[in-house]
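Residue-level structure breakdown
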Amino acid sequence: MRLVLLGAPGSGKGTQAARLKDHYAIPHISTGDLLRAAVKAETALGLKAKAVMERGELVSDDIVLGMLEERLSESDTASGFILDGYPRNLAQAGALGEVLARIGQPLDVAVQLDVPTDLLVERIAGRAAQEGRKDDTPEAVRTRLGVYNEQTAPVVDFYREQGKVTCVNGVGEMDEVFDRIVTAVAEATD
Ligand code: AP5
């Protein structure tokens, strides 16, 4: 199973990917997690990405693609993967298509998690209070939502044109959303 999870900040991509990874026994690849690990380790890449992430803007396509290609070249991706946070714009969607064609692992399905904006903001505020993620400040969240609407939302249409999108209601209990995703993926890949 080769799956992309799409959705606005706070829509539940990371939450659901952690469950889907166990369900399908495939790795969860989050570009946000990879970048946060690089920031924490203070690698050259992390030092470049830190301020951009804290503002809620996108890290450069080149940096993220290089990081993703490296991760996809690891042996645990042979049976598939869940991509969370990539692609983030049309250029990244095109680049991903090329990489996957080159390694002979075309995408099976793109799952779009739909959650209304007021609930996204509420969820992220809850996480900010608990975890203090640096980009969960009200200002950075506004930027992240704007970036999503302008740059990432068109990626849904990109996959729709390829007949690969399935939309899932992301509102409700986490288990309930998980069940919806598994059902939608089964129908889309039947
Ligand atoms: P990234 O880490 O990808 O963050 P994001 O897309 O903004 O998403 P979030 O992690 O905020 O939300 P999520 O959808 O994963 O929801 P979650 O499950 O956590 O990216 C961060 C930054 O890295 C970017 O801004 C950018 O700078 C950079 N970056 C990453 N990828 C990049 C790329 N490809 N190109 C360039 N730059 C890139 O849930 C959120 C909260 O809601 C949690 O507290 C959770 O417990 C709660 N929750 C989830 N589901 C439910 C539910 N059903 N009911 C109640 N609460 C729920």
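The residue numbers shown here count from 1 along each chain, following its written sequence. Selection of residues for local features in this predicted model requires a pLDDT of at least 70, selection of side-chain atom pairs for listing and counting requires 80 or more, and totals for whole chains, interfaces and linings are taken over all residues. Hydrogens and water are ignored here; the side-chain numbers use all heavy atoms of the structure.

**Details of the site of the ligand**
Here a residue is considered near a molecule or strand provided that any single heavy atom belonging to it is located within 4 Å of it. The local shell around the ligand holds 29 residues, among which Thr15, Thr31, Glu57, Arg127 and Arg144 are the closest. Here a polar contact means two N or O atoms within 3.5 Å. Within protein one must be a hydrogen donor candidate and the other an acceptor candidate, and residues neighboring in sequence count only if both atoms are side-chain atoms. The separation between an oxygen atom of the ligand and a polar side-chain atom of Arg36 is 2.9 Å. With respect to the ligand, the side chain of Arg88 contributes an N or O atom lying 2.9 Å from an oxygen atom. Protein chains shield 88% of the accessible area of the ligand, which is 1000 Å² for the free molecule. Elements supplying a minimum of two residues to the shell around the ligand: α1 (13-24), α2 (31-41) and α6 (117-131). Numbering of helices and strands runs from the N terminus, with a helix taken as a DSSP run of H or I at least four residues long and a strand as a DSSP run of E at least two residues long. Considering each element in turn, the shell around the ligand owes the most residues, four residues, to α2. Each residue gets one label: Ala, Val, Leu, Ile, Met, Phe, Trp, Tyr, Cys and Pro are nonpolar, Asp, Glu, Lys and Arg are charged, and the others, such as Gly, are polar. Classifying every residue of the shell around the ligand gives nine nonpolar, ten polar and ten charged. The Shrake-Rupley method, run with a 1.4 Å probe sphere, supplies the accessible areas, and residue values consider only the shown protein chains as cover.

**Observations concerning the sheet that holds strand β1 (residues 2-7)**
Through backbone hydrogen bonds, the strands of a sheet pair up, either in parallel or in antiparallel fashion. DSSP bridges decide pairing: two strands pair if at least two such bridges lie between them. Spatially, β2-β3-β1-β4-β5 is the arrangement adopted by the five strands of the open sheet, whose pairing is parallel. With one partner strand each, in any of the chains shown, β2 (28-30) and β5 (165-169) form the two edges of the open sheet. Mean inter-strand twist for the sheet, computed between neighbouring axes without regard to direction, equals 25°. For helices, the fitted line uses only the C-alpha atoms of the stretch in contact; every axis is such a line through C-alpha atoms, and the angle between N-to-C directions lies from 0 to 180 degrees.

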